[in-house]
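# Residue-level structure breakdown
So you can see what is in the structure, the chains are spelled out below.
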Amino acid sequence: MKKVWLDAGHGGKDPGATGHGLQEKDIALALSLAIKDKLENEYEGVQVILSRSADVFLELKERTNKANAAGADILVSIHCNAGGGAGGFESFRHTSASIAAAELQHALHTEIMSALKPYGVNDRGQKSANLHMCRESRMPAVLTENLFIDVKNDADRLMKADIIKAIVNGHAAGIAKYLGLQKKSVPAPNQNAIVKVIVNGKLIENVKQIDQVTYVPLRALCEALGAKLSWDNDAKMATVSGVSVSSDR
């Protein structure tokens, strides 16, 4: 079982970056919760642990201490950016990061940018900095800066569900790629399930259920009911006991 530590930046009394009616702490939490759901629902052998699952304040040291104590395999700290400019997405590893951390950053960054490319998001690159979350974590750690709250175009993007979904999908895909996670197998739905229909004590043959809809041959149904059936091929209309019903026969 792989353990993933997701750290939603800021929280509680610390809103993080703000702009255009948005607060970084809210977006970081929403992203973290959605990434956890996607990873655990769609991939085998992964447990996702959150620094916070609500709007609460945690010191940076609390976050890394808990992640280290949990023995997480990787840590991803999720943030939004501020500072103007052209906006965009960027990611950070520590300045003395291990090869594993650099590989995690590359997997995350490329998958996230691939998901955001259709929306014209600026790629600000894979960077390094002396950030607490990356420095004090014993496991490979990366911090993602998911667009600029104070840049109007980016703020508008962050208000759109499809772009939030793209960010979530990119994080999940990058984490899965780095850890080698396999997608859960989903049994194919039975498109031609055979069901039994009995009318007036007579078993109707050739009844099928497709996508939870039961299809009964109209002629056999009429015979079991003792009803009269006539068919108008030009109008594609069946008439049962004088009552017209639309049918594809």
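First, a word on what this report is: a plain description of the structure on this page. What you see is a predicted model; the values in this text were computed from it and never measured. (Residues numbered from 1 in each chain as written. Predicted model: local features only at pLDDT ≥ 70, side-chain atom pairs only at ≥ 80, totals over all residues. Heavy atoms only, no water.)

### Notes on the nonpolar core
L6, L39, L116 and I175 are the most contacted members of the largest nonpolar core, which has 36 residues in total. Secondary structure elements with two or more residues in this core: strand 1 (2–8), helix 1 (24–42), strand 4 (46–50), strand 5 (74–81), helix 3 (99–116), strand 8 (141–148), helix 5 (152–158) and helix 6 (161–179). In contact with I175, not counting residues within four places along its chain, are V4, L6, I35, L39, I74, V76 and L108. The next biggest cluster of nonpolar side chains, apart from the first, holds eight residues, and it includes I49, A72, L75 and A141. (Core = buried A, V, L, I, M, F, W, Y, C linked by side-chain atoms within 4.5 Å. Buried < 20%, exposed > 50% of the residue type's maximum accessible area, 1.4 Å probe, protein only. Helix = DSSP H or I, 4+ residues; strand = E, 2+ residues; numbered from the N terminus. Contact = heavy atoms within 4.5 Å.)

### Structural notes on helix 3
Along its 18 residues, helix 3 runs 26 Å from first to last C-alpha, staying within 8% of the 26 Å computed at 1.5 Å per residue. Within the sequence span of helix 3, burial applies to A101, L104, Q105, A107, L108, H109, I112, M113 and L116. Packing partners of the buried residues in helix 3 comprise strand 5, strand 6 (89–93), strand 7 (123–128), strand 8 and helix 6. (Expected span 1.5 Å × (residues − 1).)

### Some details on the pattern of salt bridges
Applying the stated rule across the entire model yields eleven salt bridges. The salt bridge partner of E42 is K38, with a shortest N-O separation of 3.0 Å. Here the residue E42 and the residue K38 both occupy positions in helix 1, the gap between them amounting to four residues, near one helical turn. The class for E42 is partly exposed, based on a relative accessible area of 26%. (Salt bridge = Lys/Arg side-chain N within 4 Å of Asp/Glu carboxyl O.)

### A word on the packing of helix 3 against helix 6
The angle between the axes and the distance between the axes are what describe a pair of packed helices. For the pair helix 3 and helix 6, interaxial distance at closest approach is 7 Å and the crossing angle is 145°. Taken as a pair, helix 3 and helix 6 cross one another with a handedness that is right-handed. For the pair formed by helix 3 and helix 6, the contact residues are A100, E103, L104, A107, L108, E111, I112, A115 and L116 on the first element and I163, A166, I167, G170, H171, A173, G174, I175, K177 and Y178 on the second. For the contact of helix 3 with helix 6, the per-class residue count stands at 13 nonpolar, three polar and three charged. (Axes fitted to C-alpha atoms, helices over the stretch in contact; angles between N-to-C directions. Left-handed = near helix turned anticlockwise from the far one by under 90°. Nonpolar A, V, L, I, M, F, W, Y, C, P; charged D, E, K, R; others polar.)

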